[in-house]
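Structural overview for review
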Amino acid sequence: MSYYFSFIFSLFFLFFSLFSGQTLAQTAKQGILLVTFGSSYQQAEKAYELIDQKVKKAFPRTPVYWAYTSKKIRNKLAKEGKQIDSPPLALAKMLEQGFSEVVVQSLHVIPGEEFDYLKQIVNRFAHLPKGFKKISLGKPLLYSSKDVKEVVKKLYPVLPKLNKEEAFLFMGHGTEHPADVYYAGLNYWLQNKDKRLFLATVEGSIELEDILPDLRKNKIKRIYLMPFMSVAGDHAHNDLAGKEEDSWASTLTKLGFECVPYLKGLGEIESVVDIWVKHLQQAYKELDN
Ligand code: CO
């Protein structure tokens, strides 16, 4: 008799746990918000489309939204009739649409100013009354020292093969933020991979002139120029490869090097986008904690 009761009880318990599990799954509406600095360059779209595709492939049932952190870019695009949300506006809209669990993924390169700002926004939304049940933030491309090593490993095979007299020079953005030191780390692993890979920054501490002695020492004649940024936008087309006298291309040409612009954003390279997607998957797991 007692066996019979315990059997009924287990059945009831099983039914109850299944049922409540199902209700839980139904009430959680999950969404992804991808956040980038933004660019008004047509070519940037290529990178954003690839990232969008790869994220949707990894999360086929989760709606994906976008926001730009740069107000200047958003205003410029608005004038062209393209409305892009800021991160807080995008999150407020998702809240209104009934999303209860959101993963915000940073598409920035380093955890600098833009990432700090995003972290603060996510923090505020985590403590908003009647806000999201859960919200987490995915790391930028380079966060752990493993990321720095990995991006070089993924990037190297897709670069043009270099002969003895050729070098590959990346233009990192650089910043006054302490995270500028990531570029020095990056330079270390680039050089470790191949002595003909170099990196300098537009707004950081490693300047173009800092790498000139090494270019000369290695008897480099031809230099490929590529932005180490998510998109090939303004910095790539003007500061790196532009016709202006102070662009890197003009400066290096004057010094006797032959320059070959290789204007591809990191977001246009599948194996690199995979690192951002991996960080998104990690942030998604954090929702379960
Ligand atoms: Co800039």
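Residues numbered from 1 in each chain as written. Predicted model: local features only at pLDDT ≥ 70, side-chain atom pairs only at ≥ 80, totals over all residues. Heavy atoms only, no water.

1. What to know about the overall build of the protein chain
Helix and strand counts for the protein chain come out as 11 helices and 8 strands. Projected onto its principal axes, the C-alpha coordinates of the protein chain cover approximately 95 × 45 × 30 Å. When the 289 residues of the protein chain are sorted by exposure, 48% land in the buried category. Look at the contacts in the protein chain between residues 6 or more apart in sequence, and 77% of them connect residues 24 or more apart. Working note: accessible area of the protein chain is about 15,900 Å², and carbon and sulfur atoms make up 56% of it. Of the charged side chains in the protein chain, 38 are positive and 33 negative; the average position of the first set lies 6 Å away from that of the second. (Helix = DSSP H or I, 4+ residues; strand = E, 2+ residues; numbered from the N terminus. Buried < 20%, exposed > 50% of the residue type's maximum accessible area, 1.4 Å probe, protein only. Contact = heavy atoms within 4.5 Å. Areas by Shrake-Rupley, 256 points an atom, 1.4 Å probe, with all protein chains shown as cover. Lys, Arg positive; Asp, Glu negative; His and termini not counted. Charge placed at Lys NZ, Arg CZ, Asp CG, Glu CD.)

2. Notes on the coordination of the cobalt ion
Each pair of donors in an ideal octahedron of six around a metal sits at 90 or 180 degrees, and each pair in an ideal tetrahedron of four sits at 109.5 degrees. Binding of the cobalt ion to the protein goes through H173 (NE2) and H235 (NE2), at separations of 2.1 Å. Of this pair, H173 sits in the loop between β5 (166-172) and α7 (181-193) while H235 is found in helix α9 (residues 234-240), placing the two residues 62 residues apart along the sequence. Under the relative-accessibility criterion, H173 is labelled partly exposed at 27%. (Donors = N, O, S within 2.8 Å, 3.2 Å for Na, K, Ca; no water.)

3. Topic: the layout of surface pockets
Empty pockets left among the atoms are what a rolling probe the size of a water molecule brings to light. Taken as a whole, the largest pocket encloses approximately 920 Å³ of empty space. Looking at the lining of the largest pocket, the elements with two or more residues in it are α3 (71-79), α5 (113-126) and α9. When residues of the lining of the largest pocket are assigned to their parent elements, the largest contribution, 3 residues, is made by α3. Class assignment of the residues belonging to the lining of the largest pocket gives a composition of 11 nonpolar, 13 polar and 7 charged. (1 Å grid on protein atoms, 1.4 Å probe; cavity = no way out; pocket = protein on both sides within 12 Å on 5 of 7 lines; lining within 4 Å. Points joined across faces, edges and corners; volume = space filled by probe spheres on them. Nonpolar A, V, L, I, M, F, W, Y, C, P; charged D, E, K, R; others polar.)

4. Focus on the nonpolar core
Among the nonpolar cores identified, the biggest contains 62 residues, and L141, L142, L186, L215, F228 and L252 are the most heavily contacted of them. The dominant element in this core, judged by the number of residues it contributes, is helix α11 (residues 270-286), at 8 residues. Apart from the residues lying within four places of it in its own chain, the contact partners of L141 are H108, V109, D147, V151, F228, L266, V272, I275, W276 and H279. In this structure, V35, A67, F99 and I135 belong to the second largest nonpolar core, which totals 17 residues. (Core = buried A, V, L, I, M, F, W, Y, C linked by side-chain atoms within 4.5 Å.)

5. Focus: the packing of aromatic side chains
Under the criterion given, the structure shown has 11 aromatic pairs. Aromatic ring contacts, followed pair by pair, group F168, F170, Y224, F228 and Y262 into a single cluster. Taking NZ or CZ as reference, K29 lies 4.5 Å from the ring centre of F99, over its face. Looking at K139, its charged tip hangs above the ring of Y143, at a distance of 5.0 Å from the centre. (Phe/Tyr/Trp six-rings, centres within 6.5 Å; stacked < 30°, edge-to-face > 60°. Lys NZ or Arg CZ within 6 Å of the ring centre and 35° of its normal.)

6. Quick word on the sheet that holds strand β3 (residues 101-106)
Pairing is parallel across the open sheet formed by 4 strands, whose spatial order is β2-β1-β3-β4. Strand pairing shows two members of the sheet lacking a second neighbour, β2 (64-68) and β4 (134-138), which therefore form its edges. Adjacent strand axes in the sheet meet at a mean angle of 20° when their direction is disregarded. Across 5 bridges, the pairing between strand β1 (residues 30-36) and β2 is parallel. Its bridge partner lying in β2, V35 is registered against A67. With respect to the sheet, helix α2 (residues 42-58) is in contact with β1 and β2, its orientation differing from that of β2 by roughly 145°. Helix-sheet contacts for helix α4 (residues 87-96) involve β1, β2, β3 and β4, and the interaxial angle to β1 is about 170°. (Pairing = 2+ DSSP bridges. Axes fitted to C-alpha atoms, helices over the stretch in contact; angles between N-to-C directions.)

7. Details of the side chain of H279
Here H279 is to be found in helix α11. For H279, a relative accessible area of 3% puts it in the buried group. Among the polar contacts made by the side chain of H279, one reaches the main-chain carbonyl oxygen of P140 at a distance of 2.8 Å. Filtering out sequence-adjacent residues up to four positions away, H279 remains in contact with Q105, G138, K139, P140, L141 and D147. (Polar contact = N/O pair within 3.5 Å; in protein donor to acceptor, adjacent residues only side chain to side chain.)

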